Amino acid sequence: MAILLPLQYYNLPAGVGKSYYENLAGGTNASATVNNFGPFPVSLVITRVNAPVVTYTVPVNSSLTISAGDVLVFALQANLGGAASGTIQFAVADF
């Protein structure tokens, strides 16, 4: 069974990043949905246990849903071109 965490709003200045989900006690199976409403792309950065850091770019006026195992951190980073805004939500494996 999964737990759906509350919807979070983000508004990041150009070049700024912020972590929106952390599980530093060994990682968990989780998925993230990013909606980008801003005028510039935003990057979703995923850090997993014993795996390279992966970055996905979410274009303007679009969304991305990613599921991954052993997730430690989901973070967003606004690209240097300009500010990013939108929503992010997570579903995580049962605690």
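Residues numbered from 1 in each chain as written. Predicted model: local features only at pLDDT ≥ 70, side-chain atom pairs only at ≥ 80, totals over all residues. Heavy atoms only, no water.

Note on placement: N23 falls in the loop between β3 (17-22) and β4 (28-36). Residue classification places N23 among the buried residues on the basis of a relative accessible area of 16%. Expressed as a C-alpha distance, the spacing of N23 and D70, which sit 47 residues apart in the sequence, is 9.1 Å. Once residues within four sequence positions are removed from consideration, N23 is found in contact with T28, V71 and L72. Within polar-contact distance, the side chain of N23 engages the backbone nitrogen of A25 at 3.2 Å. (Helix = DSSP H or I, 4+ residues; strand = E, 2+ residues; numbered from the N terminus. Buried < 20%, exposed > 50% of the residue type's maximum accessible area, 1.4 Å probe, protein only. Contact = heavy atoms within 4.5 Å. Polar contact = N/O pair within 3.5 Å; in protein donor to acceptor, adjacent residues only side chain to side chain.)

Once that is clear, we can look at the packing of aromatic side chains. Tallied over the full model, the rule gives 4 aromatic pairs. A centroid spacing of 6.4 Å and a plane angle of 65° characterise the contact between Y10 and Y20, whose relative ring orientation is edge-to-face. Of this pair, Y10 sits in strand β2 (residues 8-12) while Y20 sits in strand β3; the two residues are 10 residues apart in sequence, bridging distant segments of the chain. Each member of the pair, Y10 as well as Y20, is classed as buried. Taking 6.2 Å as the distance between ring centres and 45° as the angle between the ring planes, the aromatic pair formed by Y21 and F74 counts as tilted. (Phe/Tyr/Trp six-rings, centres within 6.5 Å; stacked < 30°, edge-to-face > 60°.)

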